[in-house]
Structures are given as C-alpha cells and as structure tokens.
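Here's the letter readout for the chains.
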Amino acid sequence: MHTSAFGQLIGDTAVETESLPAEWAQLDEEEMGEITRNHLRGLVRAMHKYHDEKGSLPPAVIPNEELPPEKRLSGFVLLLPYLDARDFSSGGELGNRFFDDEIARAAKTLYDSIDRSKAWDDPANLEAARSVVPAFLAPGIKPIRSEDGYALAHFAFVRGALGKDNGAFTNAAGITIKDITDGTDSTLALGQVDTALGPWIAAGPATSRHVYHPSVENDALSFGGPYKGGAYFVNVDSFAYFLNTLKTKPEDYHALATRSGREINLMSKVSRSTTAREQNTDR
C-alpha cells in the first residue's frame with residue numbers, strides 16, 4: 001500500500017503520528033520546549049533552503065487568482081520538500097538534521113501528492129489535508145486534528161504587526177533576505193498558536209497571523225501557547241526561544257514582527273528565555 005498520508009503506510013514505513021499526544025503527555029515543560037524549538041528551527045532552515053533554490057522566502061499563502069483567499073494553500077506546503085535541511089555548518093562540520101529521514105521522505109511524498117492548482121479542500125487534496133505533519137506540531141498544544149479530521153498546525157507565519165503585512169512573510173510574494181533590513185536576528189518568522197487552530201494546508205489566520213501585544217484591545221487572532229505569559233517563536237536567523245509578551249513592551253514586540261523598521265538589536269530589549277519553565281513556574 002502506498003499513500004502520501006502521515007500515520008499510514010508511506011512506501012514500506014509508517015509514521016505513527018497518532019501516538020504523539022500520548023508520548024508528549026509524558027514530557028515536562030523543558031522537554032516540550034526543546035522539541036518545540038527544534039521544530040521551529042527546522043522549519044526556518046527549510047525556509048532558507050527554499051530561499052537558496054527559489055531566490056526568496058516562501059510566501060505565507062501560495063498565490064492563486066483562480067481561488068478565493070480562504071481556499072488557497074498555505075505556504076507550509078512549500079516547505080514540505082525541504083524538511084531535510086540541515087542546521088548551519090560550524091567549524092567546518094556539517095550541521096545536524098532537525099527531522100529524521102523518515103519524516104523528510106514522507107514530507108516530499110506528501111508534497112508530490114498535492115495539486116497546487118486546486119483548493120486545499122478539493123477532493124484531490126483531501127488525503128493531504130488529513131495527513132498529520134509532525135514538523136508543524138508542538139507538544140502541549142491539542143488537538144492535532146479538527147473534528148472533521150483535518151490535520152492541524154500549531155505554528156503560523158508572522159505576517160507583520162497590528163494588521164499590516166510588513167513582516168518577513170506576506171500573502172502576496174516571497175520576501176528576500178535582503179528585504180529584511182532590520183536584521184534576521186530581530187525579525188520573527190514563525191510563532192506558536194493554540195487558539196482557532198486550522199488545517200496546516202489551508203491559507204488563512206490559522207497559518208499566518210499578525211502580532212498584537214496583549215495590551216492592544218482587538219478581536220484579531222494572534223499568537224500564544226499553553227503557557228503563562230507568552231509563546232515560543234523563532235527568528236528568521238533560526239534562533240528559537242520563549243518570548244514573554246506580558247513582560248515585553250508593546251513597541252518592542254510589534255517591532256520584532258516587522259522586516260524593515262531598522263530596529264537593530266531588539267533581542268536585548270525583550271523578555272525571552274530558553275523555555276517557558278524558566279519564565280514561569282506554572283501555566
């Protein structure tokens with residue numbers, strides 16, 4: 001049996017994604033944070049590999065004028081062939097892999113099964129839409145599937161701040177590294193989400209959001225996790241960390257989400273740590 005779906009047979013192997021929640025339930029906050037940061041960093045390295053081949057970072061939404069925005073595919077689709085990316089090399093040593101061969105191979109198979117000219121919920125793409133991709137998940141966030149069986153994402157592209165598409169990922173076209181003039185180490189790429197979760201394959205607020213500080217009163221979806229005070233994020237340079245948004249000034253949090261505000265060295269101004277546990281003693 002050959003299928004592109006995670007959790008089912010892929011070639012001669014199987015990725016047992018349905019066991020992830022049970023396995024992750026046994027982890028403490030430090031272990032969950034380590035896995036979450038690893039996934040975030042791996043996805044950004046996949047973005048860099050995409051950039052090396054295509055000349056830009058992937059857009060948050062795959063453009064398709066034939067489809068309404070809510071039916072278009074998420075930019076996460078474009079990352080699937082690049083989950084074999086390695087970490088930056090150091091001292092002449094080849095960087096480590098973030099996702100094992102089995103997950104990387106399955107992701108490429110999944111990518112090949114998707115009809116990128118059709119809607120995410122078109123019958124041609126339903127098997128892919130129901131395929132769980134471990135790289136898009138984070139321990140501590142539930143569920144991994146919607147009630148109707150679609151596989152969810154626990155991360156979203158950062159499109160900018162306060163409703164403006166001024167981040168590293170937009171709905172229009174791919175941004176180049178050179179367009180990020182305030183530094184890849186001061187620009188958010190992805191963040192953790194735990195409300196209004198949606199299919200990883202689908203464009204929309206489930207997979208791309210704007211940053212809003214908790215002090216800003218509005219009904220727009222933003223980022224967050226199952227932790228007191230903040231969520232995990234990763235910068236475009238692949239540095240991943242827990243950001244305490246409650247202890248970070250609104251102007252600094254919003255500046256992190258922009259690509260060209262020239263806010264250099266922002267990381268020294270925000271309240272961050274390796275794990276949520278270091279910032280909070282409870283959730």
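For clarity, every value in this text was computed on a predicted model and none was experimentally measured. (Residues numbered from 1 in each chain as written. Predicted model: local features only at pLDDT ≥ 70, side-chain atom pairs only at ≥ 80, totals over all residues. Heavy atoms only, no water.)

Moving on: the overall build of the protein chain. Along the protein chain, the regular secondary structure elements total seven helices and eight strands. Its C-alpha atoms give the protein chain principal-axis dimensions of roughly 55 × 45 × 45 Å. Counting across all 283 residues of the protein chain, residues that qualify as buried make up 55%. Considering only intrachain contacts with a sequence separation of at least 6, the fraction spanning at least 24 residues in the protein chain is 69%. Roughly 12400 Å² of accessible area belongs to the protein chain as shown, and the carbon and sulfur atoms make up 47% of that amount. When the 29 basic and 40 acidic side-chain charges of the protein chain are each reduced to a single mean position, those positions are 4 Å apart. (Helix = DSSP H or I, 4+ residues; strand = E, 2+ residues; numbered from the N terminus. Buried < 20%, exposed > 50% of the residue type's maximum accessible area, 1.4 Å probe, protein only. Contact = heavy atoms within 4.5 Å. Areas by Shrake-Rupley, 256 points an atom, 1.4 Å probe, with all protein chains shown as cover. Lys, Arg positive; Asp, Glu negative; His and termini not counted. Charge placed at Lys NZ, Arg CZ, Asp CG, Glu CD.)

Before going further, it helps to spend a moment on helix H4 (residues 101-113). End to end, H4 covers 19 Å across 13 residues, agreeing with the expected 18 Å (1.5 Å per residue, within 8%). All of the buried residues along H4 are Ile103, Ala104, Ala106, Ala107, Leu110 and Tyr111. Axial view of H4: buried residues confined to an arc of 165 degrees, hence all on one face. The distance from a side-chain oxygen at the start of H4 to the backbone nitrogen of Glu102 is 3.2 Å, and the residue carrying that oxygen is Asp100. (Expected span 1.5 Å × (residues − 1). Arc of directions from axis to C-beta. Polar contact = N/O pair within 3.5 Å; in protein donor to acceptor, adjacent residues only side chain to side chain.)

What follows deals with the layout of surface pockets. Estimated volume of the second largest pocket: approximately 190 Å³. With three residues, the single largest contributor to the lining of the second largest pocket is strand E6 (residues 230-235). (1 Å grid on protein atoms, 1.4 Å probe; cavity = no way out; pocket = protein on both sides within 12 Å on 5 of 7 lines; lining within 4 Å. Points joined across faces, edges and corners; volume = space filled by probe spheres on them.)

Attention now goes to the sheet that holds strand E5 (residues 208-211). Strand pairing within a sheet occurs via backbone hydrogen bonds; the two strands may be parallel or antiparallel. Pairing in this open sheet of six strands is mixed, and the strands run E5-E3-E4-E6-E7-E8 from one edge to the other. Of all strands in the sheet, those bounded by a partner on one side alone are E5 and strand E8 (272-273). The pairing of strand E4 (residues 188-192) with E6 spans three bridges and is antiparallel. Within E6, the position partnered with Gly191 by the bridge is Phe233. In the packing of helix H2 (residues 29-54) onto the sheet, contacts are made with strand E3 (155-161), E4, E6 and strand E7 (240-244), and the angle to E6 comes to roughly 30 degrees. (Pairing = 2+ DSSP bridges. Axes fitted to C-alpha atoms, helices over the stretch in contact; angles between N-to-C directions.)

Before going further, it helps to spend a moment on H2. Over its 26 residues, H2 extends 37 Å from the first C-alpha to the last, a length consistent with the 38 Å expected when each residue adds 1.5 Å. The N-capping residue of H2, defined by a side-chain oxygen 3.1 Å from the backbone nitrogen of Glu30, is Asp28. Phi turns positive one or two residues past the end of H2, at Gly55, with a value near 90 degrees.

Evaluated as defined, the whole model comprises twelve aromatic pairs. When the centroid spacing of 5.5 Å and the interplanar angle of 35 degrees are considered together, the rings of Phe136 and Trp200 count as tilted. Here Phe136, found in the loop between helix H5 (126-129) and E3, pairs with Trp200, found in the loop between E4 and E5; they are 64 residues apart in sequence, far enough to count as distant. For the pair shown, Phe136 and Trp200 are each scored as buried. Ring geometry for Phe233 and Tyr253: centres 6.2 Å apart, planes at 80 degrees, overall edge-to-face. In this pair, Phe233 sits in strand E6 while Tyr253 sits in helix H6 (residues 250-256), placing the two residues 20 residues apart along the sequence. Comparing Phe233 with Tyr253 shows no difference in burial state: the two are buried. Aromatic ring contacts, followed pair by pair, group Phe76, Phe136, Phe157, Phe169 and Trp200 into a single cluster. Here the guanidinium or amino end of Arg45 rests over the ring plane of Phe88, the centre of that ring lying 3.8 Å away. (Phe/Tyr/Trp six-rings, centres within 6.5 Å; stacked < 30°, edge-to-face > 60°. Lys NZ or Arg CZ within 6 Å of the ring centre and 35° of its normal.)

Now for the environment of Pro58. Its location among the elements puts Pro58 in the loop between H2 and helix H3 (76-79). With a relative accessible area of 0%, Pro58 lands in the buried category. For the pair Pro58 and Ala173, spaced 115 residues apart in sequence, the C-alpha separation works out to 7.8 Å. Leave out the neighbours within four places in its chain, and Pro58 touches Met47, Tyr50, Leu78, Leu79 and Phe169.

Okay, the confidence of the model for the protein chain next. Scored by pLDDT, the protein chain comes out at a mean of 88, with 91% of its residues at no less than 70. The element-level mean pLDDT for the protein chain is lowest in strand E1 (residues 9-10), coming to 31, with H3 highest at 98. Note that pLDDT drops below 50 for residues 1-15; the model gives that stretch 42 contacts with residues more than four away or on any other chain. (pLDDT = per-residue confidence, 0-100.)

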